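# Report on the structure
The lines below spell out each chain.
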Amino acid sequence: MTSRLLTTTALAAFAALAAAPALAQSGSLQIYSAYPDEHMRPLIEAFNKVHPGVTVEVSVQPGEELLSTIELEMRANSPRADVVGLNEASINALQSRHTAFEAYTPAGLDGVREALRDAENLVIPACVNPYLIQYNTNQIAAADAPKSWADLTDAKYKDKVAMADPASSQSVHSFLWFETQYLPAQNVAGSGWEFFSALAANGTRLEGSHGTIRDLTASGERPIGIQLLANGQTSARRGDPTALVWPPEGSPGEISAFAMFAGSDNKEAAQAWLDFVVSVEGQSVMPDALGCAPVRNDVTYTLPGGTPLDQINIVPVDSAFVTANREAQTAEFAKAFGR
Amino acid sequence: MTTGTLRTDPPARSQRFAVNWGWLAWFVSILWLFFLVALPVGVIVISSVFDEGVSLDHYAAFFTSSALLTATLNSLLVAVGIAGLSLLIGGPLAFGVARTEMRFKGLVRATMIIALISPEFLLAMGYILLAGPNVGYFNVLIRGAFGIEGASGPLNVFSLGGLILTALPNGVAFVFLALVPAFTNMDPALEEAARVRGASALRAVRDITLPLMRPAMLSGALLAFATSLAMFGPPQMLGINVLTVAIRDALVRLNFATASVAAMVLIGLSLIALFIQRWAVRHVERYRTLGGKSFGARTIDLGWGTHLLTALGLVYGVVSLVIPYGAMTAASLMKSIGNGFSGDNWTLDNYRVVFTDPGILKAATLSLTLATTSATLVAVMGVVVAYVILRVKARGRALLDYLAILPLAIPGTALAFALIVVYLNWPMNMLGIYGTPTILLVAYLARFIPLGVRNSQTTLLQIAPELEEASRVFGASELKTLLRITAPLILPAIVYTWLLVFIMAIPELSASVILRGFGTQTLSTALLGIWSGNGGLAVASAFGMSIFIVVGVLFGLAAWFARRSGLLRGVQLA
């Protein structure tokens, strides 16, 4: 390790002496990622165009498992990666228990929308992954499709809806926060836990992951899914007979993010990665890579189906609430859903 | 851990080498099972009772939680259902293939082998496409054919029954594969004696063959029972509340106490099954069918019974192989599974994606290396451990027997977390295997130990020790007896274990996904990555089909070679 560190430092010093405009980095960069390999690949390819000397290695686990693995590594005081890719709430949860990550202010951060920036710069936002309704166009005509979140409790959609189970999905906690905290604060009728009781009464299926829900929607077995944009983007790319609905109540947008481990062996490369993630180059491949909406305004982006970004109401999620109340929300949900 | 004193058998005979070789085998077995099984299980036991001091609070919490008790009941129902149905289907089919002139033997064997190669979540998804209540092909067909009103049913894969049917092919394969060698190794003279005395062929089978097959039947049923308890993918996907799903949910919430208590309950249930199995075969000498005389296994004419077996084989092959794999093949050729069998929805692109993916070749190399290494070690150590348990009179044999079966009951997820705890902390962290392919090997060895030990035990039980005694009487040492007499007789079991572990290691997912580090992508984790990525189910099906074809060809070559060289004498596989 020490020799690698020395080599890296020497190379970095050499690079600095050569006064390259973008400081070229080298060595290996190890990323723990909850985003699938296939989604990370375009991002890495684009990164390597700027930093060809860095060998990026990725180890992917589904988000919930990754969180537990890192937890065990932190307990043994032995983190293995330089960077982690998880959602904001999960990164915050690890940080609050172990001070696992180190703050860093990426070079282009001021181009990122202010509302999405982390005050402490521990969580570096990569893209926004809002919740929406995905439905199967072979099963349901556009005129009959649900228009809002509240519509999903309509008897017309009995036994047709699927959503993720908060006992196994991290992301869906953003949606729970939205329905039980945000909407009730706006005095929206039918929101709160009673919304989930009504969904349960309407025969809504719980699934372990949003990927399964996407396939159930695409096949028509569960023609309506409470879904994340990233999966809608995937469906659009592969030509599934599905369409997206942006509910007028709003779309809770969870922040897909990266963070640098405090114990990273190659901080220069890790920082170069974070710089790249918020840069214009990085942000323009984000819809093709992680499948979600860019965090900069100076990157052109149209949602699948052609909806312009400014016509939808993305509600920033209170990730501090999600972090602090995960257990309690899971338990309350189980009660409301009658499990 | 037991410290054993050893007696030679018989004690009067002074055989220095005999003592040493038996002792060495005992010592190696103890080490093997200690590091691979006792250590991770120990971690689970400790975290189930430790909470700022030793307490049973976690157990009290478990047994007062109605959700967890329901999960326990569901797990039991599923495991008993699968084990029972597996015996009912796998037993007759094994007999048919090994001892009768039934037709479609090739289809039946292929069904069994392929059931074990399939990644479980792909298969579950295939059954959802077929029997999903809303648009499952079967349901659409049935509703159309019988003019049933309504938009859903009559079949519902999202149920306890649906889970049992989805996971049944694995259990049937276990029973089948345990019984075929046993039927083949049986001396037909016993049946002939009954026939000579006037019994019908069916009666000879019922009164002579079936009772003799009890150890193999129970051994297969035990494997089916325990692996069904530990199964995770299908219940998770179908949304059935069973213990493995509860364990994962607890682990994800970092609630190691609940997870380990639930794992202990699973282990307990499997131990009870093992007690029952051991009790039922407690008089081992009754089941020895391989004595000193030579014989050739032969077929028996069951008359109309043969046709029944043919029909059973055909129906089973079609329902559990042709239809689900047909569905998967169709999905692998579709642009989007949502557009079904329409004209412009066909493509070969999914296969192109699989064969041009840069990571997949690396993953295939790693998976094949892991499968080969674990199959070899599990097969060889299986014989050693079984030999110690059955033939060496040493302390701690019963303990070895129980340790060797435990991993069956541990869900891959729980085993993986236990291994992380073991190999991240002192002193095992000094080995530095965490996050490397070696820790995957450790997990595979632990998971598949029971297969090696069980198979060798079943075969050793059939070999009368008199054969070995005779060798010793003529002055051969223990080692020579082992090499010249015992080893050739159990060689088919070793080869058979090797093939079985090899094909089961390829789709291993539940432990692999958690033990992944950098550069440790296996075929199954790559498959998961493809499924959750842009390709979705269509590309994942193409990948799955490619794995079947490649592994099937490799397996066929290995089996052909083994049979050609006489290594599989008496054992019929694919």
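Residues numbered from 1 in each chain as written. Chains lettered and ligands numbered in written order. Predicted model: local features only at pLDDT ≥ 70, side-chain atom pairs only at ≥ 80, totals over all residues. Heavy atoms only, no water.

The line we're drawing: UniProt positions are given in the numbering used here, feature names are shortened, and annotations may be inferred rather than shown by experiment.
Looking at an unreviewed UniProt entry, one finds chain B named Iron(III) transport system permease protein, with Devosia enhydra as its source organism. Quoted verbatim from the Sequence similarities (unreviewed entry) heading of the UniProt record, the comment on chain B is "Belongs to the binding-protein-dependent transport system permease family."

The name given to chain A in an unreviewed UniProt entry is Iron(III) transport system substrate-binding protein, with Devosia enhydra as the source organism.

### Examining the overall build of chain A
Basically, it comes down to this: The helix and strand labels rest on DSSP assignments: H or I over at least four residues marks a helix, E over at least two residues marks a strand, and numbering proceeds from the N terminus. Here the globule rule is a power law, 2.2 Å times the number of residues to the power 0.38, and the radius of gyration is based on C-alpha atoms. Here the term buried applies to any residue with accessible area under 20% of the maximum for its type, exposed to any over 50%, and partly exposed to those in between, with areas from a 1.4 Å probe on protein chains only. Contacts are residue-level and defined by heavy atoms, with any inter-residue pair within 4.5 Å sufficient.
In terms of helices and strands, chain A carries eleven helices and eleven strands. The C-alpha atoms of chain A give a radius of gyration of 21 Å, which matches the 20 Å a tight globule of 339 residues would have. Counting only C-alpha atoms, chain A reaches 70 × 40 × 35 Å along its principal axes. Taking all 339 residues of chain A together, 61% fall into the buried category. For chain A, contacts bridging at least 24 residues in sequence account for 76% of all contacts bridging at least 6.

### A word on helix 5 (residues 172-185) of chain A
Residues and elements named next belong to chain A. To keep it simple, the criterion reads: Each helix should span, by expectation, one fewer than its residue count multiplied by 1.5 Å. The seven residues ending at a residue and the seven starting there each receive a fitted axis; the angle between those axes is the bend at that residue.
With 14 residues, helix 5 should reach 20 Å at 1.5 Å per residue; the first-to-last C-alpha distance of 19 Å fits that figure. Remark: the principal bend of helix 5, roughly 35 degrees, maps to F178. Summarising burial for helix 5: ten of the 14 residues are buried, a large majority. All buried positions along helix 5 are accounted for by V172, H173, S174, F175, L176, W177, F178, E179, T180 and L183. Just past helix 5, the residue N187 takes up positive phi, approximately 60 degrees.

### Quick look at the pattern of salt bridges
Residue and element names in this part refer to chain A. Under the convention used in this document: Definition used for salt bridges: Asp or Glu carboxyl oxygen within 4 Å of a side-chain nitrogen of Lys or Arg.
Under the criterion given, the structure shown has 17 salt bridges over all chains. Notably, a salt bridge pairs D240 with R238, separated by 2.8 Å at the nearest N-O pair. For R238, a relative accessible area of 14% corresponds to the buried category. Beyond isolated ion pairs, a larger network of salt bridges with shared partners links R214, D215, R238 and D240.

### Considerations on the packing of helix 3 (residues 66-99) of chain B against helix 10 (residues 214-230) of chain B
Residue and element names in this part refer to chain B. Convention followed: Here the axes come from fitting lines to C-alpha atoms, over the contacting stretch only for helices, and the angles between their N-to-C directions go from 0 to 180 degrees. Note on convention: near helix rotated counterclockwise from far helix by under a right angle means a left-handed crossing. Clockwise means right-handed. Gly counts as polar in this scheme, as do all residues outside two lists: the nonpolar Ala, Val, Leu, Ile, Met, Phe, Trp, Tyr, Cys and Pro, and the charged Asp, Glu, Lys and Arg.
Interaxial distance between helix 3 and helix 10 falls to 8 Å at its minimum, and their mutual angle equals 145 degrees. When the axes of helix 3 and helix 10 are compared, the crossing they make is right-handed. From helix 3, S75, L76, A79, V80, I82, A83, S86 and L87 reach across to helix 10, where they touch M217, A221, A224, F225, S228 and L229. For the contact of helix 3 with helix 10, a count of residues per class yields eleven nonpolar, three polar and no charged.

### Points about the nonpolar core
Operational definition: The nonpolar core is taken to be a set of buried Ala, Val, Leu, Ile, Met, Phe, Trp, Tyr and Cys residues, with the residues joined through side-chain atoms within 4.5 Å. An automatic or database domain assignment supplies the start and end points of every domain.
Counting 255 residues, the largest nonpolar core has A:V84, A:F258, A:W273 and A:L290 as its most contacted members. Here the element with the most residues in this core is helix 16 (residues 358-391) of chain B; it accounts for 15 residues. Two domains each donate at least three residues to this core, and these are domain 1 (2-128 + 255-308) and domain 2 (139-253 + 310-336) of chain A. Core analysis: the second largest hydrophobic core is formed by 35 residues, A:W149, A:V161, A:F196 and A:I213 among them.

### Focus: the pairing of strand 2 (residues 54-60) of chain A
All names here are of chain A. Put simply, the rule is: A pair of strands is treated as paired once DSSP finds two or more bridges between them. Crossovers are described as right-handed under a simple rule: with the strands pointing away from the observer, the path leading from the first strand over the helix to the second runs clockwise.
Along strand 2, five of the seven residues are buried, which leaves the element largely enclosed by surrounding structure. Both strand 1 (residues 27-33) and strand 2 contribute to a ladder of seven bridges, which runs parallel. Bridge pairing links Q30 to E57 in strand 2. In the classification by handedness, the crossover that spans strand 1, the intervening helix 2 (residues 37-50) and the parallel strand 2 is right-handed.

### Re unusual backbone geometry
Cis geometry is found at the peptide bond from B:W426 to B:P427, where omega equals 5 degrees. Inspection of the secondary structure assignment puts B:P427 in the loop between helix 18 (412-424) and helix 19 (437-462). With a phi angle near 60 degrees, A:N187 is a residue other than glycine that sits in the positive phi range. Tracing the backbone through its elements, the reader meets A:N187 in the loop between helix 5 and helix 6 (193-201). Residue class for A:N187 comes out exposed when judged on its relative accessible area of 69%.

### Comments concerning the pairing of strand 10 (residues 251-261) of chain A
All names here are of chain A. Judged by how many residues are buried, strand 10 sits mostly within the fold: eleven of eleven residues are covered. Pairing of strand 3 (residues 83-87) with strand 10 involves five bridges; the strand directions are antiparallel. For V84, the partnering residue across the bridge sits in strand 10 and is A259. For strand 5 (residues 124-136) and strand 10, the ladder comprises six bridges, and the chain directions are antiparallel. Counterpart to V128 in the pairing with strand 10 is I255. By the bridge criterion, three bridges tie strand 10 to strand 11 (residues 314-316) in an arrangement that is parallel. Opposite P252, over in strand 11, you have V315 as the bridge partner.

### Some details on the state of the cysteines
Think of a disulfide as a covalent bridge from one cysteine sulfur atom to another cysteine sulfur atom. All names here are of chain A. Going by this rule: By disulfide we mean two sulfur atoms from cysteines, separated by a distance within 2.5 Å.
Evaluated as defined, the whole model comprises one disulfide over all chains. The disulfide partner of C127 is C292, and the gap between their sulfur atoms is 1.9 Å. Note that C127 is positioned in strand 5 and C292 in the loop between helix 10 (280-285) and strand 11, a separation of 165 residues in sequence. Taking the relative accessible area as the measure of exposure, C292 reaches 0% and is therefore buried.

### Section: the interface of chain A and chain B
To keep things clear, this is the line we draw: Put simply, buried area is the surface a 1.4 Å probe can reach on two separate parts but cannot reach once they are joined, added for both. Here a polar contact is taken to be a pair of N or O atoms separated by no more than 3.5 Å, where protein atoms must pair a possible hydrogen donor with a possible acceptor and residues adjacent in sequence count only if both atoms sit in side chains.
Opposite the 55 residues of chain A that make contact, chain B presents 50 residues. Among the residues chain A hides against chain B, the three largest losses belong to A:E38, A:L72 and A:E221. Together they make up 15% of the total. Our count for the chain A to chain B interface comes out at three salt bridges. B:R248 is the salt-bridge partner of A:E65, the closest N and O atoms lying 2.6 Å from each other. The interface formed by chain A and chain B includes twelve residue pairs in polar contact (both at pLDDT 80 or more).

### Description of the confidence of the model for chain A
Test applied: The predictor's confidence in any single residue is recorded as pLDDT, a number from 0 to 100.
Residues at a pLDDT of 70 or more form 93% of chain A, whose mean pLDDT is 89. Taken as a whole, residues 11-22 of chain A scores under 50 in pLDDT and shows five contacts with residues more than four places along the chain or in a different chain.

### Concerning the packing of helix 3 (residues 63-75) of chain A against helix 4 (residues 88-98) of chain A
All names here are of chain A. Heads up, the condition is: If an angle is under 35 degrees, it is roughly parallel; if it is over 145, roughly antiparallel; if it lies from 65 to 115, roughly perpendicular; otherwise it is oblique.
Between helix 3 and helix 4, whose axes approach to 11 Å, the crossing angle comes to 20 degrees. When the interaxial angle is binned, helix 3 and helix 4 end up roughly parallel. Here helix 3 runs over helix 4; the crossing is right-handed. Residues L67, I70, E71, M74 and R75 of helix 3 form the contact with helix 4, whose own contacting residues are S90, L94, R97 and H98. In terms of residue class, the contact of helix 3 with helix 4 is built from four nonpolar, two polar and three charged.

### Points about the domain arrangement of chain A
Where interface size is quoted, it is often the accessible area lost as the parts come together. Residues and elements named next belong to chain A. As assigned here, chain A comprises domain 1 (2-128 + 255-308) and domain 2 (139-253 + 310-336). Centre-to-centre separation of domain 1 and domain 2, based on C-alpha positions: 28 Å. Each side of the interface is counted separately: domain 1 has 24 residues, and domain 2 has 20 residues. Carbon and sulfur atoms make up 55% of the surface buried where domain 1 meets domain 2, a total of about 1,700 Å² over both sides. The largest contributions to the domain 1 side of the interface with domain 2 come from E64, P304 and P308, which together make up 28% of the buried area. Joining domain 1 to domain 2, the criterion identifies zero salt bridges.

### With respect to the confidence of the model for chain B
Residue and element names in this part refer to chain B. Averaged over chain B, the pLDDT score is 83; the fraction of residues at 70 or greater is 93%. When pLDDT is averaged over each element of chain B, helix 3 comes out on top at 93 and helix 8 (residues 189-196) at the bottom at 78. The low-confidence segment residues 1-18, where pLDDT is below 50, has 27 contacts with residues more than four positions distant or belonging to other chains.

### Structural notes on the environment of A:G291
All names here are of chain A. Summarising the element assignment, G291 is placed in the loop between helix 10 and strand 11. Considered as a pair, G291 and P62 are 229 residues apart in the sequence and their alpha carbons are 16 Å apart. If we skip the residues at most four places from it in the chain, G291 touches L229, A230, Q233 and M286.

### Comments concerning the side chain of B:S546
Mapped onto the secondary structure, B:S546 falls in helix 23 (residues 536-564). Aside from chain neighbours lying at most four places away, what touches B:S546 is B:Y351, B:V354 and B:F355.

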